[in-house]
Amino acid sequence: MLKVGVLGAGHLGKIHLRLLNQSEKYELVGFYDENAEYADKIAAEFGYKRFDTIAKLIHAVDVIDIVTPTLSHYKCAKVSIKSGKHVFIEKPIATTVVEAEEIIALAKEYNIKGQVGHVERFNPAFIAVKDMIESPMFIETHRLAEFNPRGTDVPVVLDLMIHDIDAILSVVKSKVKAVHASGVSVLSQSPDIANARIEFENGCVANITSSRISMKNMRKSRFFQKDAYISVDYLDKICEVVKMKDAPEVPGDFDMILQNAEGEKKQIYFANPEVSPNNAILDELETFADAIENNTTPIVTLEDGTEALRVAYMIIDSMESR
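Residues numbered from 1 in each chain as written. Predicted model: local features only at pLDDT ≥ 70, side-chain atom pairs only at ≥ 80, totals over all residues. Heavy atoms only, no water.

Describing the overall build of the protein
Helix and strand counts for the protein come out as nine helices and 14 strands. The C-alpha radius of gyration computed for the protein amounts to 22 Å, which stays within 12% of the reference 20 Å derived for 322 residues, consistent with globular compactness. Taking the principal axes of its C-alpha atoms as reference, the protein extends roughly 75 × 45 × 40 Å. When each of the 322 residues of the protein is scored for burial, the buried share is 51%. Entry remark: accessible area of the protein is about 16000 Å², with carbon and sulfur atoms responsible for 50%. Distance from the positive charge centre (36 side chains) to the negative charge centre (48 side chains) of the protein: 2 Å. (Helix = DSSP H or I, 4+ residues; strand = E, 2+ residues; numbered from the N terminus. Rg over C-alpha atoms; globule rule 2.2 N^0.38 Å. Buried < 20%, exposed > 50% of the residue type's maximum accessible area, 1.4 Å probe, protein only. Areas by Shrake-Rupley, 256 points an atom, 1.4 Å probe, with all protein chains shown as cover. Lys, Arg positive; Asp, Glu negative; His and termini not counted. Charge placed at Lys NZ, Arg CZ, Asp CG, Glu CD.)

Examining the UniProt feature "domain: Gfo/Idh/MocA-like oxidoreductase N-terminal" (unreviewed entry) in the protein
Mapped onto the present numbering, the UniProt feature "domain: Gfo/Idh/MocA-like oxidoreductase N-terminal" (unreviewed entry) falls on residues 2-118. Within the segment residues 2-118, helix and strand shares are 44% and 22% respectively, and the terminal C-alpha atoms sit 21 Å apart. (UniProt positions renumbered as here; feature names shortened; annotations may be inferred.)

Section: the pairing of strand E14 (residues 265-271)
Two strands pair when backbone bridges link them, and strand E12 (residues 238-246) and E14 are joined in this way by six bridges, in the antiparallel orientation. Bridge pairing in E14 links Lys243 to Tyr269. Between strand E13 (residues 256-259) and the antiparallel strand that follows it, E14, lie five residues; Gly263 among them carries a positive phi value of about 90°. (Pairing = 2+ DSSP bridges.)

Some points on helix H8 (residues 280-294)
Taking 1.5 Å per residue as the helical rise, H8 with its 15 residues ought to reach 21 Å, and the 21 Å between its terminal C-alpha atoms agrees with that figure. Among the residues of H8, Ala280, Ile281, Leu282, Glu284, Leu285, Glu286, Phe288, Ala289, Ala291 and Ile292 are the ones counted as buried. Those residues of H8 that are buried lie in contact with strand E1 (2-7), helix H1 (11-22), strand E2 (26-32), strand E3 (63-66), strand E4 (86-90) and strand E5 (114-117). (Expected span 1.5 Å × (residues − 1). Contact = heavy atoms within 4.5 Å.)

Comments concerning helix H7 (residues 156-171)
Between its first and last C-alpha, H7 extends 22 Å over 16 residues, near the 22 Å set by a 1.5 Å rise per residue. At Ile162, H7 shows its maximal bend, which comes to roughly 50°. (Bend = angle between axes of the 7 residues up to and from the residue.)

Brief notes about the pairing of E13
Sheet topology places E13 next to E14; four bridges connect them, and they run antiparallel. Bridging across to E14, Met256 finds its partner in Ile268.

Side note on the UniProt feature "domain: GFO/IDH/MocA-like oxidoreductase" (unreviewed entry) in the protein
According to UniProt, the positions carrying the feature "domain: GFO/IDH/MocA-like oxidoreductase" (unreviewed entry) are residues 156-216. Within residues 156-216, the helical portion is 26% and the strand portion 39%, while the C-alpha atoms at the span's ends are 16 Å from each other.

What about the pattern of salt bridges?
Counting across every chain of the model gives 14 salt bridges. Note that Arg197 and Glu199 form a salt bridge whose closest N and O atoms lie 3.1 Å from each other. Using a relative accessible area of 38% as the deciding quantity, one classes Arg197 as partly exposed. A residue is classified by how much of its surface remains accessible, and Glu199, at 19% relative accessible area, is buried. (Salt bridge = Lys/Arg side-chain N within 4 Å of Asp/Glu carboxyl O.)

Structure (structure tokens):
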């Protein structure tokens with residue numbers, strides 16, 4: 001079992017602590033949180049060992065799980081990597097692209113593995129259809145959340161939209177050509193609502209909307225490609241696949257047939273991929289353990305996390321230029 005320590009015991013940090021404590025692939029050694037009084041409370045309530053310095057925790061483990069505020073990701077990753085420890089970094093990977101690129105360089109220099117916590121890659125609805133998403137040409141996503149002061153220290157693009165940016169980049173095998181975006185600050189000092197249109201070199205277009213001041217929660221994506229439409233509901237963990245194929249010469253009584261202006265006939269049929277329930281956060285942590293043990297590439301690499309951050313800042317720059 002890999003010895004692991006957690007940096008940051010806030011809302012998400014507590015979830016990571018609980019899951020790592022349950023995992024059969026990790027031995028949870030303990031945690032560090034800079035708020036000593038709060039750390040004492042967590043240690044007393046849950047029985048996790050509290051370390052009084054980051055250095056002591058790093059020295060005692062093989063893997064560091066960084067679940068601190070984004071501003072400290074780079075600092076925590078740098079000291080962990082230089083100590084020869086593998087790092088799991090919650091999204092976004094860092095505050096700036098320059099910091100993220102330095103994390104990549106350090107990981108290569110010290111020969112350690114790193115993974116970024118883009119948890120939607122492990123959502124069972126996305127897993128069920130991702131292999132069916134082939135060369136999508138239009139993508140539409142909506143990620144809407146009720147207002148929560150936690151996370152409003154950064155724009156909604158880095159807080160929410162970056163989930164969809166990463167998922168889209170994982171299925172569109174082309175470089176970003178152009179970004180057009182707009183955003184509005186309603187309650188926060190940074191934008192609370194944002195819409196972005198991402199154009200890729202291969203002609204694919206993604207239209208992404210994120211809001212953190214909605215009346216209800218929604219996390220949906222739709223992928224349109226030749227002869228198929230695929231929808232993913234990340235919140236309710238359901239998916240739908242609608243495909244088309246050439247219509248048979250003699251259609252059945254219940255076959256759904258469409259005819260276009262050129263006279264071509266297509267048959268519509270529905271595929272129902274099985275969605276296997278899982279704990280996405282536990283899966284992302286345990287697949288990282290597998291990558292370390294088997295010396296394989298993590299599912300969400302440091303490079304993936306950096307590219308998602310790069311596109312996020314292209315969106316932010318576009319909003320600010322307006």
